[in-house]
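Each chain is listed here by its residues.
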Amino acid sequence: MDYFYGPGRNHLFVPGPVNIPEQVIRAMNRNNEDYRSPAVPALTKTLLEDVKKVFKTTSGTPFMIPTTGTGAWESALTNTLSPGDRIVSFLIGQFSLLWIDQQQRLNFNVDVVESDWGQGANLDVLASKIAEDKEHTIKAICIVHNETATGVTNNLATVRKILDHYQHPALFLVDGVSSICALDFRMDEWGIDVALTGSQKALSLPTGMGIICASPKALEATKTAKSVRVFFDWNDYLKFYKMGTYWPYTPSIQLLYGLRAALDLIFEEGLDNVIARHGRLAKATRLAVEAWGLKNCTQKEEWFSDTVTAVVVPPYIDSSEIVKRAWKRYNLSLGLGLNKVAGKVFRIGHLGNLNEVRLLCYMFLH
């Protein structure tokens with residue numbers, strides 16, 4: 001897209017990166033510090049304790065790695081699995097596709113369960129595969145909780161019920177990049193073994209921190225996992241956790257202070273209230289789309305996402321032209337359609353640092 005200067009503040013309505021609260025920006029406006037000084041380990045300790053709260057876990061071990069969600073994916077896979085291990089993974093949109101591509105390039109045996117874009121993961125197929133797997137050849141289930149390309153949210157509780165029903169020991173790995181801190185997410189209750197998110201999504205920080213949380217079962221799996229890992233090796237972190245210095249390499253000091261401020265804001269509002277706010281904004285967006293005479297890409301209400309809505313345009317319109325017009329005329333950033341839905345949908349992000357008034361202003365622009 002050609003650059004075009006637009007006066008006034010940019011209106012950011014993509015499903016990540018999101019608007020950053022002023023309190024977080026101010027918290028990050030600081031000089032570098034020695035991460036081996038007493039101050040940074042003390043800060044890190046509180047962050048590790050509080051990050052567990054947004055995953056809703058008491059037993060998980062968190063890792064805050066200087067990376068993106070893509071790096072967090074790799075960390076989750078390589079610390080728990082070995083090349084050749086069989087994985088069941090669900091292809092429902094662009095980001096699940098990219099994770100599957102990574103799984104295949106890391107030489108795992110990926111059993112892909114594909115659905116039409118706009119549908120959720122086919123959990124009936126999962127149940128059949130788990131029921132048939134008497135020898136427990138399936139080592140992990142990998143699922144994207146919230147597929148931002150199509151605005152689809154998957155039912156994680158049902159995945160856990162399937163595994164428990166058949167007493168299957170497969171690891172349960174979840175991409176929660178655009179769901180954690182915005183959608184209902186219960187790591188302990190749903191028996192999730194590895195969950196991950198990115199700082200630029202509902203945490204409302206700049207890009208640059210991948211946050212992973214591992215269950216005791218996942219940590220045990222690291223002892224036998226043979227995948228090559230260096231930068232993403234959890235064992236390096238665990239060694240420094242025991243030493244009380246926490247960091248095997250240099251972290252972003254500014255992001256750590258930003259995370260402290262972001263978590264404080266979430267806890268001040270209340271995590272359940274944050275989730276409820278996302279539900280209200282999402283419902284308002286879907287009603288507006290309906291009033292415009294357009295359709296939601298998500299094919300069933302049970303899959304509706306509360307962090308992003310993918311809007312289907314009429315076949316005679318190229319959705320990328322809508323995104324360009326929004327940018328040029330209103331200094332408004334909307335999400336493009338990706339891959340199979342390129343030119344067919346545009347995406348409205350409604351997650352993170354957003355309230356009713358700001359969303360209403362966007363609706364008026366339409």
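What counts as what
Residues numbered from 1 in each chain as written. Predicted model: local features only at pLDDT ≥ 70, side-chain atom pairs only at ≥ 80, totals over all residues. Heavy atoms only, no water. UniProt positions renumbered as here; feature names shortened; annotations may be inferred. Helix = DSSP H or I, 4+ residues; strand = E, 2+ residues; numbered from the N terminus. Buried < 20%, exposed > 50% of the residue type's maximum accessible area, 1.4 Å probe, protein only. Contact = heavy atoms within 4.5 Å. Core = buried A, V, L, I, M, F, W, Y, C linked by side-chain atoms within 4.5 Å. Domains from an automatic or database assignment. Pairing = 2+ DSSP bridges. Axes fitted to C-alpha atoms, helices over the stretch in contact; angles between N-to-C directions. Salt bridge = Lys/Arg side-chain N within 4 Å of Asp/Glu carboxyl O. 1 Å grid on protein atoms, 1.4 Å probe; cavity = no way out; pocket = protein on both sides within 12 Å on 5 of 7 lines; lining within 4 Å. Points joined across faces, edges and corners; volume = space filled by probe spheres on them. Nonpolar A, V, L, I, M, F, W, Y, C, P; charged D, E, K, R; others polar. Parallel < 35°, antiparallel > 145°, perpendicular 65-115°, else oblique. Left-handed = near helix turned anticlockwise from the far one by under 90°. Arc of directions from axis to C-beta. Polar contact = N/O pair within 3.5 Å; in protein donor to acceptor, adjacent residues only side chain to side chain.

Visitor: What's the story with the UniProt feature "binding site: substrate" (unreviewed entry) in the protein in this structure? I'm lost.
Guide: The UniProt record marks Arg-347 with the feature "binding site: substrate" (unreviewed entry), using the residue numbering of this structure. Among the secondary structure elements, Arg-347 is positioned in strand β14 (residues 345–349). Residue Arg-347 is classed as buried on the basis of its relative accessible area of 7%. In contact with Arg-347, not counting residues within four places along its chain, are Phe-13, Pro-15, Phe-95, Thr-148, Ala-149, Val-308, Thr-309, Ala-310, Leu-334, Gly-335, Leu-336 and Leu-338.

Visitor: What is the right way to look at the nonpolar core in this model?
Guide: What tends to happen in soluble globular proteins is that the nonpolar side chains get buried as a cluster. Counting 97 residues, the largest nonpolar core has Phe-55, Met-64, Ile-141 and Leu-259 as the members making the most contacts within it. Three or more residues apiece are contributed to this core by two domains, here domain 1 (11–20 + 271–365) and domain 2 (22–266). Core analysis: the second largest hydrophobic core is formed by 13 residues, Val-289, Ala-326, Leu-334 and Leu-354 among them.

Visitor: I would appreciate a short explanation of the sheet that holds strand β13 (residues 332–336) in the present structure.
Guide: The sheet built from 5 strands is open, its strands ordered β1-β13-β14-β12-β11 with mixed pairing. Two strands close off the open sheet at either side, each with one partner strand: β1 (11–13) and β11 (295–296). The pairing of β13 with β14 spans 2 bridges and is classified as antiparallel. Opposite Gly-335, over in β14, you have Arg-347 as the bridge partner. The sheet contacts of helix α10 (residues 271–291) involve β11, β12 (308–312) and β14, and relative to β12 the element is tilted by about 10 degrees.

Visitor: Would you explain the pattern of salt bridges in this entry?
Guide: Opposite charge on two side chains permits them to pair, given that their charged atoms come into close proximity. All told, the structure shown has 18 salt bridges when counted by the stated rule. In this structure, Asp-184 and Arg-186 form a salt bridge, with 2.7 Å as the shortest nitrogen-oxygen distance. Judged by its relative accessible area of 28%, Asp-184 is partly exposed. The partly exposed category is assigned to Arg-186, whose relative accessible area is 29%. For the salt bridge of Glu-189 with Arg-186, the shortest nitrogen-to-oxygen distance reads 3.0 Å. Among the charged side chains, a salt-bridge network with shared partners connects Asp-50, Lys-53, Arg-260 and Asp-264.

Visitor: Would you explain the UniProt feature "modified residue: N6-(pyridoxal phosphate)lysine" (unreviewed entry) in the protein in this entry?
Guide: Mapped onto the present numbering, the UniProt feature "modified residue: N6-(pyridoxal phosphate)lysine" (unreviewed entry) falls at Lys-201. In this structure, Lys-201 sits in the loop between β9 (194–198) and β10 (210–214). Among the residues examined, Lys-201 registers a relative accessible area of 9% and is labelled buried.

Visitor: What am I meant to see in empty space enclosed by the protein here?
Guide: Gaps left between atoms are located by rolling a probe of water-molecule size over the structure's atoms. Going through the model one piece at a time under the given rule, you end up with 2 cavities of 30 Å³ or more. Put simply, the largest cavity is a space of about 50 Å³. Taken together, Met-64, Ile-65, Pro-66, Gly-208, Met-209, Trp-247, Pro-251, Ser-252, Leu-255 and Leu-256 make up the full set of residues lining the largest cavity. The set of elements that each furnish at least two residues to the lining of the largest cavity consists of β2 (61–65) and α9 (253–269). Classifying every residue of the lining of the largest cavity gives 8 nonpolar, 2 polar and no charged.

Visitor: In this structure, what is going on with the packing of helix α3 (residues 69–78) against helix α4 (residues 94–105)? I would like to understand it.
Guide: Each pair of packed helices gets described by two things: the angle between the helix axes and the distance between those axes. For the pair α3 and α4, the least separation of the axes is 11 Å and the interaxial angle reads 45 degrees. Classed by the angle they form, the pair α3 and α4 counts as oblique. Relative to α4, the crossing made by α3 is right-handed. Between α3 and α4, the contacting residues are Thr-70, Trp-73, Glu-74 and Leu-77 on the first element and Phe-95, Leu-98, Trp-99, Gln-102 and Gln-103 on the second. Residues of the contact of α3 with α4, tallied by class, amount to 5 nonpolar, 3 polar and 1 charged.

Visitor: What am I meant to see in helix α8 (residues 234–243) here?
Guide: Within an α-helix, residues lying three or four positions from one another point in the same direction, as the helix has 3.6 residues per turn. Listing the buried residues of α8 in full gives Trp-234, Tyr-237, Phe-240 and Tyr-241. End-on, the buried residues of α8 take up no more than an arc of 125 degrees, which puts them together on one face. Every exposed residue of α8 that faces more than 90 degrees away from the buried side is listed here: Lys-242 and Met-243. The N-capping residue of α8, defined by a side-chain oxygen 2.9 Å from the backbone nitrogen of Asn-235, is Asp-233.

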